[in-house]
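Summary of structural features
Each chain, written out:
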Amino acid sequence: MTVTIVKKPSLITDILIYIIQDHFPDFILKIYDPHFLEILIKNENITDIILIDVDIETDITFLIQHYKNLNRKVMIWTGNIYNYKLIDFFRLNLDAYLYHKMEKEELIDAIEMVLKDEKYVHPQLAFILLNDYYHLVNVQFKKPAKLLTSREWEILELLTQGYKNEEIAQKLSLSIKTVRNHVNSIFKKLGVKDRTNAVIKAFRHRWFY
């Protein structure tokens, strides 16, 4: 499995490479500076998965579309939730949308989901992107009251806003254990495996916007 990373050299890039190499030792990593994109275009068989930093100054839309057309796995990375191109990237239905403040475990989970042909959207980006879309639609469906308890609805809404368990516990004056129990209960009742899919389901049904 060959994974190509298109990102400027930096400490964050080094950490990203270390985490991937440490957890996925069988991966062959290829690192490309954004200034040499023509190499990636010429060599179509260079990678199985490509991870692209979309915050770079160079327009990489053509690169994303190129590898998507080749049926490669395409993951994007951003540290700017106000990047005006995010909505366009979201509409491309890429394999993963990563956020630079994500935890190590979140990055590993994202890659593992992509390997299973599943989609990953970091909660912070899911909130920004999907919230923007549903504001355009300007429709909010009534939440099925009996599906979740009032506390669980409250916590699910915070999940859609990108809150982590520790932040939810602090905001609602609950213990971490209590929050985890509520979150697991939400997953079970919604029939999902993780918070990303819980958030996507909540927005898909337009329970929040």
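Here the structure is shown first, and the text comes after it.
If you're wondering where the values come from, they're calculated on a predicted model, not measured in any experiment. Numbering of residues starts from 1 in every chain and runs along the sequence as written. Under the rules for a predicted model, residues below a pLDDT of 70 receive no local features and side-chain atom pairs below 80 are neither given nor counted, while totals for whole chains, interfaces and linings still include all residues. For side-chain calculations, the full set of non-hydrogen atoms in the structure is used, while hydrogens and water are omitted.

**Regarding the overall build of the protein chain**
Applicable threshold: The numbering of helices and of strands both runs from the N terminus, where a helix is a DSSP run of H or I of at least 4 residues and a strand a run of E of at least 2. Note on contacts: a residue pair is in contact if any heavy atoms of the two residues lie within 4.5 Å. With residues, only the protein chains shown are counted as cover, and all accessible areas are computed by Shrake-Rupley using a 1.4 Å probe.
In terms of regular secondary structure, the protein chain is built from 10 helices and 6 strands. Taking the contacts inside the protein chain whose residues are at least 6 apart along the sequence as the reference set, 63% of them involve residues at least 24 apart. As displayed, the protein chain has an accessible area near 11,300 Å², and 50% of this comes from carbon and sulfur atoms.

**A closer look at the pairing of strand β2 (residues 28-32)**
Quick reminder of the rule: The rule for pairing is simple: two strands pair if DSSP sees at least two bridges between them. Crossover handedness is defined by viewing with both strands directed away from the observer: a clockwise path from the first strand over the helix to the second marks the crossover as right-handed.
Sheet topology note: the strand β1 (residues 2-6)/β2 ladder contains 5 bridges and is parallel. Residue I5 lies in a different strand from β2, and its bridge partner there is I31. In the classification by handedness, the crossover that spans β1, the intervening helix α1 (residues 11-23) and the parallel β2 is right-handed.

**Points about the pattern of salt bridges**
Our working definition: The term salt bridge refers to a side-chain nitrogen of Lys or Arg lying within 4 Å of a carboxyl oxygen of Asp or Glu. Burial classification: accessible surface area is computed with a 1.4 Å probe over protein chains only, and a residue below 20% of its type maximum counts as buried, one above 50% as exposed, and the rest as partly exposed.
Inspection of every chain in the model, using the stated rule, returns 7 salt bridges. A salt bridge links D53 to K7; the nearest nitrogen and oxygen atoms lie 3.4 Å apart. With D53 in strand β3 (residues 49-53) and K7 in the loop between β1 and α1, this residue pair connects regions lying 46 residues apart in the sequence. When its relative accessible area of 8% is taken as the criterion, D53 is described as buried. Note that K193 and E118 form a salt bridge whose closest N and O atoms lie 3.1 Å from each other.

**Concerning the nonpolar core**
In plain terms, the rule: Working definition of a nonpolar core: buried Ala, Val, Leu, Ile, Met, Phe, Trp, Tyr and Cys residues. They are joined through side-chain atoms within 4.5 Å.
Counting 47 residues, the largest nonpolar core has L40, I60, L63, I64, F89 and L156 as its most contacted members. Of all hydrophobic cores here, the second largest spans 23 residues; its members include I49, L98, L107 and A110.

**Some points on the packing of aromatic side chains**
This is how it is decided: A pair of Phe, Tyr and Trp rings is counted when the ring centres sit within 6.5 Å of each other, with Trp represented by its six-membered ring. The angle between the planes then sorts it: under 30 degrees is stacked, over 60 is edge-to-face, the rest tilted.
Per the counting criterion, the structure on display carries 3 aromatic pairs. Ring centres of F24 and F27 lie 4.8 Å apart, and the angle between their planes is 10°; this geometry places the pair in the stacked category. Across the pair, exposure class does not vary: F24 and F27 are buried alike. On the basis of an interplanar angle of 85° and a centroid distance of 5.2 Å, the ring pair of W153 and W207 is categorised as edge-to-face. Separated by 54 residues along the polypeptide, W153 in helix α7 (residues 150-160) and W207 in the segment after α10 (195-204) bring together distant segments of the chain.

**What about the packing of α7 against α10?**
The following threshold applies: Helix axes are fitted only over the stretch in contact, all axes being lines through C-alpha atoms; the angle between N-to-C directions runs from 0 to 180 degrees. Oblique is the label for any angle not under 35 degrees, not over 145, and not in the 65 to 115 range, which are roughly parallel, roughly antiparallel and roughly perpendicular in turn. Three classes are used: nonpolar for Ala, Val, Leu, Ile, Met, Phe, Trp, Tyr, Cys and Pro, charged for Asp, Glu, Lys and Arg, and polar for all others, with Gly counted as polar.
At a minimum axis separation of 9 Å, α7 and α10 run at an interaxial angle of 100°. The pairing of α7 with α10 is recorded here as roughly perpendicular in orientation. Of the residues in α10, those in contact with L156, L159 and T160 of α7 are R195, A198, V199, A202 and F203. Residues that form the contact of α7 with α10 fall into these classes: 6 nonpolar, 1 polar and 1 charged.

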